[in-house]
Amino acid sequence: MSDKPLLQTLSRAIITQSGIQLSGNWHESNYHPLFCCSGSSSDSSIHRTIPYHDILFAEELDSSASDGDFGTREIELTYVARNNKIDLKKEIVIVTDYEPNLSQTILQKAYGQTDRTHPQRILVLINPHGGKGKALRLFEDKAEPILNAAQCEYEVCTTLKHQHATELIRTRKDILDFDTIVCASGDGIPHEVINGLYQRDDRAECFEHLTVTQIPCGSGNAMSLSCLDTNDPAEAALSVLKAPSVRIDLMAITQPSQSVRLSFLSLTYGMIADGDIGTEWLRFLGPFRFEVGIVTKLLQNAKYPCDLSVDFCAKDHQLLSQHYCDNIKSDYSKTQHLPITDQSFELKSPSLENPPPTDWERLDSQITDNLSIFYVGKMPIVSADTNFFPAAIPDDGCMDLVITDNRSSVLDTANLLLQVDKGTHVLQKDVIHSKVKAFRLTPRIPKGYISVDGESFPFETTQVEVLPTLLKTVMKEGTYAETGFPSYS
Ligand SMILES: Nc1ncnc2c1ncn2[C@@H]1O[C@H](COP(=O)(O)OP(=O)(O)OP(=O)(O)O)[C@@H](O)[C@H]1O
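Residues numbered from 1 in each chain as written. Predicted model: local features only at pLDDT ≥ 70, side-chain atom pairs only at ≥ 80, totals over all residues.

Chemist: Run through the overall build of the protein, naming residues and quoting values.
Modeler: A tally of helices and strands in the protein yields 14 helices and 21 strands. Counting all 489 residues of the protein, 47% fall into the buried class. The contacts in the protein between residues at least 6 apart in sequence include a share of 74% that link residues at least 24 apart. (Helix = DSSP H or I, 4+ residues; strand = E, 2+ residues; numbered from the N terminus. Buried ≥ 20, exposed ≤ 12 C-beta atoms within 10 Å, placed from the backbone. Contact = placed C-beta atoms within 7 Å.)

What follows is the structure, given as C-alpha cells:
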C-alpha cells in the first residue's frame, strides 16, 4: 500500500447519519483546476456514501468558500476503500454546511466507536525477526500507511533480543504519555509487553490507562485473530484506530524458580507443548514443524503423567454450555469495570509451599497418569485455523481447559486434532472441556515442556489463576471473533 494516496476528485457532499454522501462529480473541470478529471458534466443522480468507519482524516481546505457561496466548504477526506484489499483514497468534497468545525465533527463521527482519543499516541514495537523476518516489511507496507493517513502520533521501537520488549516497557519513564502499545509481531511481544507493564511500580495506572494490541506480523498472531478477527496487518491497523476497547482477563502464573508472570493467551503441557516448543530444532520445516511434531507424538501414543488440582467453575459440557450462555455478550466494550488498583494484582491461590485448597479437585489418576493434552486458554483462536477454545469469554473470570489422555485410541485423538479448525473437538467423547478458575500442575516426568503464549517456561510445578479484567485491548466488534460455539453442541 502506498503512503501517498491517490486520485483526487471533487464531489458535492452531504453529511448524513451513516457517512458522507457524495453525488457525482460537481463541475469538476471548471471548479478546481488542480483536481481536473475527464468530463465536465455534473451527475447528481449518482450517489455513493463513504461510511464514517472508513474515514481516517478530514481537513478543511483554506480555499473554502472560494466560489463566494457562504457556507460552502471544501473538505479533504482521507479514507479506505475495500475491493479485494484495502486501498487508501483522498478526495476533496464540497459541503454546504454552516457548522463552524465541520472537519472536527466528521472526525468525531469517524472515531466515535472508540474511547481512545484521536489522534492516538501510539508506541509501536516491532520484532524484526517475527514472521520469519517479514515483520518490519509487513508493518511498513501495510499498517504504517494507515497510521500516517490518520495522522497518528507514533513512535517505532525495534526489539533487539528476546525479552527486550519487557525491558523497554518496564523502564520507559514516559510510558503513560502513550494511549496504545501496538505489537507489530507475533504473540511473543504482547506477552513481553504485558509482563513489562506488570513489573512496573506504577502498574495499576499503566493497566488502567494503556491499551495493548497487535498488528499481526508474526507466525502466531492469536491476539489479532481472536480480537481483531484478521491476520491482515492493514485490517488490524484500522481496528487499532477504530475498534472499541474491551477489558479482558489475564492469567497469573506462579512457579518456584521465577517471579509471577502474566499470560494473555494460553498455557500448555504435554503433547501440544512438545509439538510446539519441543520441535524448535525442526524450524527448517517452517509452518509444518508443529504438525510433524504432533503427529510423531500421536503415533508414539505419548503420555505426560502429572499431578493436577483444579478449581472448577463449570466441569462438564452441560455446565460449561450453561456458563457460556449466562456470560456471553455481543459487545463487551459497554461493560463497566472496576478501576484497576494495586488490589487487582493480588493472588488468591495459596503459595506453592502449601497444598492446594481442599475445595480444589485432585484429578483422577486414571487421567493424570495417562495425560496426553493439557491446554488452558483465555482467547479462542490460538493460531490461523485453530479454534481451540471456542467457548472462551473475555471477562468471565475463567480459563477454558481441554484435557485428553492416551487411553483414547490414536484414531480418536487424530480425529480430535482434525476438528480444531471448527472448534468441534471439544465435543468429542473422552475430552474434558471445562471452565476453571485456577489449577496447580506438577509434571511427573523429569524432562519436558511448558509453553505459555508460545514461550518456553521452566519445567516445574505451575500454578495459574485468573486476574479479572486486567488488560485493556481492542476488539473489532467489541467481542471475540465468531467461533460457532455453542450452536453445534
Ligand atoms: N531482535 C530479536 N532477536 C531475536 N529474538 C527476538 C528479537 N526480538 C524479539 N525476539 C523474540 O522472538 C520471539 C518470537 O517473537 P514473535 O512472537 O513476535 O514472533 P513470531 O514470528 O510469531 O514467533 P516465532 O519466531 O516463535 O514463530 C519472542 O520470544 C521475542 O522475545
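Chemist: Mind laying out helix H6 (residues 188-198), listing which residues take part and the relevant values?
Modeler: Along H6, 11 of the 11 residues are buried, which leaves the element largely enclosed by surrounding structure. Of all the residues in H6, the buried ones are Gly188, Ile189, Pro190, His191, Glu192, Val193, Ile194, Asn195, Gly196, Leu197 and Tyr198.

Chemist: Quick one: what's the story with the site of the ligand, residue by residue and with numbers?
Modeler: Near the ligand you find 22 residues, and of these Ser185, Gly186, Gly188, Gly218 and Ser219 are the closest. Elements supplying a minimum of two residues to the shell around the ligand: helix H3 (130-133) and H6. (Near = placed C-beta within 6 Å.)

Chemist: How would you summarise the nonpolar core if you had to cite specific residues and measurements?
Modeler: Ranked by internal contacts, the top residues of the largest apolar core, which has 129 residues, are Leu125, Ala184, Val193 and Ala237. A total of 7 residues in this core trace back to one element, the largest contributor, which is helix H4 (residues 135-149). (Core = buried A, V, L, I, M, F, W, Y, C linked by C-beta atoms within 7 Å.)

Chemist: Please provide a residue-by-residue account of the packing of H4 against helix H9 (residues 233-242), values included.
Modeler: In contact at an axis separation of 8 Å, H4 and H9 are set at 30° when each is read in the N-to-C sense. Our pair here, H4 against H9, has a crossing hand that is right-handed. Of H9, the residues touching H4 (which contributes Leu138, Phe139, Lys142, Ala143, Ile146 and Leu147) are Pro233, Ala234, Ala236, Ala237 and Leu238. Residues of the contact of H4 with H9, tallied by class, amount to 10 nonpolar, no polar and 1 charged. (Axes fitted to C-alpha atoms, helices over the stretch in contact; angles between N-to-C directions. Left-handed = near helix turned anticlockwise from the far one by under 90°. Nonpolar A, V, L, I, M, F, W, Y, C, P; charged D, E, K, R; others polar.)

Chemist: I'd love a proper account of the confidence of the model for the protein, names of residues and values included.
Modeler: For the protein, per-residue confidence averages 88 on the pLDDT scale, and residues scoring 70 or more make up 87% of the total. What the predictor reports for the complex is a pTM of 0.90 with an ipTM of 0.96. (pLDDT = per-residue confidence, 0-100.)

Chemist: Give a description of the domain arrangement of the protein that names residues and reports values.
Modeler: Segmentation of the protein into domains returns domain 1 (10-110), domain 2 (121-243) and domain 3 (252-338 + 353-467). Where the side of domain 1 that touches domain 2 is concerned, the elements lending two or more residues are strand E4 (55-60), strand E5 (72-82) and strand E6 (86-96). (Domains from an automatic or database assignment.)

Chemist: How would you explain the UniProt feature "domain: DAGKc" (unreviewed entry) in the protein if you had to name every residue and give the values?
Modeler: If you check UniProt for "domain: DAGKc" (unreviewed entry), the listed places come out as residues 117-257 in our numbering. Split by type, residues 117-257 is 44% helix and 25% strand. Its first and last C-alpha atoms lie 41 Å apart. (UniProt positions renumbered as here; feature names shortened; annotations may be inferred.)

Chemist: If you had to explain the packing of helix H5 (residues 164-171) against H6 to someone new, which residues and values would you point to?
Modeler: Remark: H5 packs on H6, axes separated minimally by 7 Å, with the N-to-C direction vectors making an angle of 30°. In this structure, H5 meets H6 at a crossing whose hand is right-handed. Every residue of H6 that contacts H5 at Ala165, Thr166, Glu167, Leu168, Ile169 and Arg170 is listed here: Ile189, Glu192, Val193, Asn195, Gly196 and Leu197. Considered class by class, the residues forming the contact of H5 with H6 number 6 nonpolar, 3 polar and 3 charged.

Chemist: Outline helix H14 (residues 410-418), supporting the account with residue identities and numerical values.
Modeler: Taken residue by residue, H14 has Thr413, Leu416 and Leu417 as its buried positions. The arc enclosing the buried residues of H14, seen along the axis, measures out at 95°, which places them on a common side. Away from its buried face, by an angle of more than 90 degrees, H14 presents the exposed residues Leu411 and Leu418. (Arc of directions from axis to C-beta.)

Chemist: Quick one: what's the story with unusual backbone geometry, residue by residue and with numbers?
Modeler: Positive phi, close to 60°, is recorded for Asp229, a residue that is not glycine. Note that Asp229 resides in the loop between helix H8 (222-228) and H9. The exposure class assigned to Asp229 is buried, which follows from the 20 C-beta atoms found within 10 Å. We note that Asp385 has phi near 65°; this positive angle belongs to a residue other than glycine.

Chemist: Just give me the short version of the pairing of strand E17 (residues 399-405), but keep the residues and values in it.
Modeler: The element E17 is largely enclosed, with a buried count of 7 among its 7 residues. As paired elements, strand E16 (residues 371-377) and E17 share 6 bridges and run antiparallel to each other. What sits directly across from Ile373, in E17, is Thr404. One ladder, built from 5 bridges, connects E17 with strand E18 (residues 432-443); its direction is antiparallel. Bridge pairing in E18 links Asp400 to Lys435. (Pairing = 2+ DSSP bridges.)

Chemist: Quick rundown of the environment of Thr105? Include the residues and the values.
Modeler: Relative to the assigned elements, Thr105 resides in helix H2 (residues 102-110). With 47 residues separating them in the primary sequence, Thr105 and Ala58 have C-alpha atoms 9.2 Å apart.

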